[in-house]
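# Residue-level structural notes
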Amino acid sequence: MDMQAGYLITIEEFCAKHDIEESFISSLQETGLIEITTIEENDFIPADQIQQLEKFIRFYYELDINLEGIETISHLLQRVNALQEEIIQLRNKLGLYE
Amino acid sequence: MAFIDYYKVLGIEKSASSKEVKDAYRKLARKYHPDLNPNNQEAKSNFQQINEANEVLSDPEKRKKYDQYGKDWEHAEEFEKQQQQQQSQRSGSRDATYSGGASQSDFSDFFESMFGGSSGGSRRQSKFRGDDYSTEIHLELTEAYKTHKQTLSVNGKNIRITVPAGVENRQIIKIPGHGGPGVNGGPNGDLYITFTVTNDQVMKRLGNNLFCNVELDLYTAVLGGEITIDTLDGKVKLKVKPETQQGTKVNLKGKGFPVYKNEGMFGDLQITYTVRIPTNLTDKQKSLFEELRNSC
């Protein structure tokens, strides 16, 4: 699976490889958690979304977390990442005075 | 090699049913799964341990072997040989083990010795993604200033990367596909490089801006003049205004740090002037200063 940005993989192929239902992908799209690209009536997953999507698959199929839970976790993880970024920035700023 | 009490790891009694094992495991997996604990090595390590505990305790044969030999697991090989003919090849159950990007190498030495590696109980065992690797690169401020190539050794392989100018301290760059190899046709993991950029003795960096102190002799500070300062981009001539005060800040636009992945864009360089008072004055100089004081 090519992970370079700009590449596309069909939903059908992705679901077959991961042994998951296509409806799961549709649900994620409906909640705005992932974006799907449609070209000539065929649905594709952009390569830059795959890592995120695989994470959602693990949440749903392995940890038994439902879609509402995934949505909540996704928001919280975004905040965790933003806070971690901020900590790095603040540490760098602190370095100016040390 | 230390014995690992898998029951203790999952927080269950030795008599726990398979459902209790599964429930305990699921509860802990939700707590420590690496996807839910970004950049948390402690959680990753806990997750690996509970994954390993589940691998053993959710498999009746492995659990039997573990229960039978416990701390004397080193004798398990003999047991294994005796039982080999009776054992049939087991296939992994659908949700026996959570992947979390883990691979066989995530199992402890204890586990490897006793069971010879993971049975691959994951529901997606055929498409295991390889391990993500992480490494650190230390750069001096002057090195981070310019785009350059660097070779690093990761798990015995040499990888040549381009370090873009302007990389930030503690910035993490992902090199896709340069992590551990995938298992059974799964994709390779990724390589995460954390850059540590140490501040210079003279120049301090904050984001794309640089800060430095420049000493001015008293005469230039009072009367004004021209000075030459060293920047990361070479020498720069500056005009100093007459009557420049101690602590005066001057902003040099575009003389700061390069903006990451924005070629030709630079931050600013902020100079703070420190006025140096002359010492070891001659009698004549002292008298001239006296004259100055009296004229005020």
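What counts and what doesn't
- Residues numbered from 1 in each chain as written.
- Chains lettered and ligands numbered in written order.
- Predicted model: local features only at pLDDT ≥ 70, side-chain atom pairs only at ≥ 80, totals over all residues.
- Pairing = 2+ DSSP bridges.
- Helix = DSSP H or I, 4+ residues; strand = E, 2+ residues; numbered from the N terminus.
- Axes fitted to C-alpha atoms, helices over the stretch in contact; angles between N-to-C directions.
- Contact = placed C-beta atoms within 7 Å.
- Core = buried A, V, L, I, M, F, W, Y, C linked by C-beta atoms within 7 Å.
- Buried ≥ 20, exposed ≤ 12 C-beta atoms within 10 Å, placed from the backbone.
- Expected span 1.5 Å × (residues − 1).
- pLDDT = per-residue confidence, 0-100.

## A closer look at the sheet that holds strand 5 (residues 191–198) of chain B
Residues and elements named next belong to chain B.
- A sheet is described by the order of its strands in space; here three strands give the open sequence 1-5-4, paired in mixed fashion. Every other strand in the sheet has two partners, leaving strand 1 (133–140) and strand 4 (172–175) as the edge strands with one partner each. When the angles between neighbouring strand axes are averaged without regard to direction, this sheet yields 25 degrees.
- Pairing of strand 4 with strand 5, which is carried by four bridges, proceeds in the antiparallel orientation. Paired with isoleucine 172 across the strands is threonine 194, a residue of strand 5.

## Here's the deal with the interface of chain A and chain B
- Contacts between the two partners involve 22 residues from chain A, matched on the other side by 23 residues from chain B.
- Listed by contribution, the elements that provide at least two residues to the side of chain A that touches chain B are helix 1 (11–18), helix 3 (50–62) and helix 4 (67–97) of chain A.
- Ranked by residue count, the leading element in the side of chain A that touches chain B is helix 4 of chain A, at 11 residues.

## Overview of the nonpolar core
Residues and elements named next belong to chain B.
- Tyr6, Leu10, Tyr25, Leu28, Ile50 and Ala53 are the most contacted members of the largest nonpolar core, which totals 16 residues.
- Sorting the residues of this core by element identifies helix 1 (6–10), helix 2 (18–32) and helix 3 (41–57) as the ones contributing at least two each.
- Looking at which element gives the most residues to this core, the answer is helix 2, with six residues.
- With residues up to four places along the chain from it excluded, the contact list for tyrosine 25 reads Leu10, Ile50 and Asn54.
- Counting residues in each nonpolar core, the second largest holds 11 residues, with Val167, Val197, Leu210 and Tyr273 among its members.

## With respect to helix 3 of chain A
- For helix 3 of chain A, with 13 residues, the first-to-last C-alpha span of 17 Å sits near the 18 Å given by 1.5 Å per residue.
- The first or second residue beyond helix 3 of chain A is aspartate 64 of chain A, which carries a positive phi of 55 degrees.

## Digging into the sheet that holds strand 7 (residues 209–217) of chain B
All names here are of chain B.
- A sheet is described by the order of its strands in space; here four strands give the open sequence 6-7-11-10, paired in mixed fashion. The sheet is open, and its two borders are formed by strand 6 (204–206) and strand 10 (249–252), each paired with just one other strand. Each strand axis lies, on average, 30 degrees off the axis of its neighbour in the sheet, ignoring direction.
- Where strand 10 and strand 11 (residues 269–276) come together, four bridges link them in antiparallel fashion.

## Overview of the pairing of strand 8 (residues 225–231) of chain B
All names here are of chain B.
- Where strand 8 meets strand 9 (residues 234–240), seven bridges bridge the pair, whose relative direction is antiparallel. Directly across from threonine 231, in strand 9, lies its bridge partner glycine 234.
- Count of turn residues in the strand 8/strand 9 antiparallel hairpin: two residues.

## Section: the environment of glycine 185 of chain B
- Residue placement: glycine 185 of chain B occurs in the loop between strand 4 and strand 5.
- Along the primary structure glycine 185 of chain B and arginine 129 of chain B are separated by 56 residues, whereas in three dimensions their C-alpha atoms are 8.4 Å apart.

## Re the confidence of the model for chain A
- Residues with a pLDDT of 70 or more make up 93% of chain A, whose mean pLDDT is 86.
- Predicted confidence for residues 1–5 of chain A stays below pLDDT 50, and this span has 12 contacts to residues more than four positions away or in other chains.

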